Each structure stands twice: as structure tokens, then as C-alpha cells.
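Fold and contact review
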Amino acid sequence: MADKVISENIEEYLEVLYKFGSKDAYVSTTTLSKELNIAPGSVTQMLKKLEDLGYIDYVPYKGANLTSEGIKIAQKITRKHRILERFLKDILEIKDENIHLQACEMEHALSDEAERKICHMLDHPDTCPGNSLIPACDFDFANCDDCINDHRDIDNINIRESSLLSISELRPGDKGVVRFIRGDAVILAEVLALGVTKETTVKVEGFNDDGTYNISIDDSLLKIPGELANNIFIDLF
């Protein structure tokens, strides 16, 4: 699984774009400048470079939006950052005020193999200590049990081609196919009991004030809790 080397600087830009943008929302140069503590002129130069690399769409005076390739890279580094935050908090018991900075320093050096081991150690968490969603890994498994029980060398594990979003990240009207279910045996059983499996087509119908989500499968309308919505990952149509 030989990935091309992406510089830390590029990863930082893509990570911020992922944090503040969406498939339809452009992130302004001002936001990037503030978050990265970089002069606006330098940000503009980097955005042009990222567009040339195919990672973003850049519109002057409007901002930048991640392409599908940019999303894949951004999700990967965001996942490493947030899972490291969870590791630093839950295992090493680092002070809350130091967790984010230390995760920033570690994320670029964390190998895919080490990330996978940490995920197993933490029982595949769905959020970081700040309650932001941890993106799904890009290994092509249907669920976490399949990952745990696969003892092949990491270089021999297939990588999922598409970038997935959890139901909790979608908007009413979004529709796609379930590709991955995250969590332990209890969560997996709860999802299966709803009639949701890999390859199930799901449409998001809306959200409720109690934190639940309304989804439809075929002609059935279901109400699912936020914890399950965080852990059912969709490949959008």
C-alpha cells in the first residue's frame, strides 16, 4: 500500500478545508489564514498549487473546496489527528489543554499500521474528546470485526476507493449505499436489527431535536439514535 508522500504543509491546508467546508461550501482565504496563522498572500499561492495538484477547486474572492482526491487525504489526516487525541486523553491521560497541539505534532508521522493498532486498542471510537466525528478508516472492510480478525500484513489489505460520510454528516435528501459499519458487536447487532447491512440503500429524511435521525430504506421510515448515525458510513450517489 504505497501512498505518494504528501507534505505536512499540504496536509494542514486540506485538514482545515475539511474541518470548515463541505461538498457545497467554500472556505475563504481569510479563514485559512486565521486557522493556519499564515499571511493571506501566501495562502492564495498555496491554494493555486493545491488546485494544480487536483486537491481543491479554487475560486478567487470566494475560496476553496476539496475535490474527491482532496477529501480522501483530508479525511485520512483528520482521522489520525482525532484518534490520537482520543489516545492521548484516554490512555496517556494528557491534560486537556495539551491534547490538540500534541496530536498536531504526531499526526503526520503516524503510520497507517500504528493508527490501526490504536483504533483496535481504543475499541474503534467514533468521536474525539471534543466530540468531533472521527472519519472512517480507508481499509475496505464491511465492519470493525472484519478488520480485527484480518491478520494480513497491512500492505496486503485493500483500500476503499471512495470517501465515505456517516449518516450524521449528511443532509436531508442525501442518498447512498452503506459501505461500512463501525463499532463493537453491540453496535453492529443494533444496526443489523434495523435491517441495515453493507450495500443497503439509505436516504436521509431529516433530523430531530432529540438528536435522532430519520432515514428511509425502501418504503420504510426509521428513526435512529445519533450514536448509530455516527457509525453507519455511506457512499453517496
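The following paragraphs examine the structure supplied in this document. None of the values given here were measured: they were computed from a predicted structure. (Residues numbered from 1 in each chain as written. Predicted model: local features only at pLDDT ≥ 70, side-chain atom pairs only at ≥ 80, totals over all residues. Heavy atoms only, no water.)

Thoughts on the pairing of strand 5 (residues 201-207)
With 3 bridges joining them, strand 4 (residues 175-181) and strand 5 adopt antiparallel strand pairing. Within strand 5, the position partnered with Val177 by the bridge is Thr201. Of the pairings in the sheet, the one linking strand 5 to strand 6 (residues 213-217) comprises 4 bridges and is antiparallel in character. Residue pairing in the sheet places Phe207 in a bridge with Tyr213 of strand 6. (Pairing = 2+ DSSP bridges. Helix = DSSP H or I, 4+ residues; strand = E, 2+ residues; numbered from the N terminus.)

A word on the layout of surface pockets
Size it by volume and the largest pocket reaches roughly 1200 Å³. In terms of lining residues, the largest pocket is bounded by 43 residues, among which Tyr18, Lys19, Gly21, Arg82 and Glu169 are the most central. The set of elements that each furnish at least two residues to the lining of the largest pocket consists of helix 1 (8-20), helix 2 (29-36), strand 2 (63-66), helix 4 (68-90), helix 5 (96-107) and strand 8 (232-236). A per-element tally of the lining of the largest pocket places helix 4 first, with 8 residues. A breakdown of the residues in the lining of the largest pocket according to their chemical character gives 17 nonpolar, 12 polar and 14 charged. (1 Å grid on protein atoms, 1.4 Å probe; cavity = no way out; pocket = protein on both sides within 12 Å on 5 of 7 lines; lining within 4 Å. Points joined across faces, edges and corners; volume = space filled by probe spheres on them. Nonpolar A, V, L, I, M, F, W, Y, C, P; charged D, E, K, R; others polar.)

What about the packing of helix 4 against helix 5?
At their nearest, the axes of helix 4 and helix 5 sit 9 Å apart, and the two run at 135° to each other. Taken together, the axes of helix 4 and helix 5 lie oblique to each other. Judged by the twist between their axes, the crossing of helix 4 over helix 5 is right-handed. The segment helix 4 lies against helix 5, with Ile77, Lys80, His81, Leu84, Glu85, Leu88 and Lys89 engaging Asp96, Ile99, His100, Gln102, Ala103, Cys104, Met106 and Glu107. Taken together, the residues of the contact of helix 4 with helix 5 sort by class into 7 nonpolar, 3 polar and 5 charged. (Axes fitted to C-alpha atoms, helices over the stretch in contact; angles between N-to-C directions. Parallel < 35°, antiparallel > 145°, perpendicular 65-115°, else oblique. Left-handed = near helix turned anticlockwise from the far one by under 90°. Contact = heavy atoms within 4.5 Å.)

Section: the sheet that holds strand 8
The strand order 3-8-4-5-6-7 describes an open sheet built from 6 strands, whose pairing is antiparallel. Across the chains shown, the open sheet's two edge strands, defined by having one partner strand only, are strand 3 (165-166) and strand 7 (220-224). Bridge count for strand 3 against strand 8 is 2 bridges, and the pairing is antiparallel. Residue pairing for strand 8: Leu165 is matched across the bridge by Ile234.

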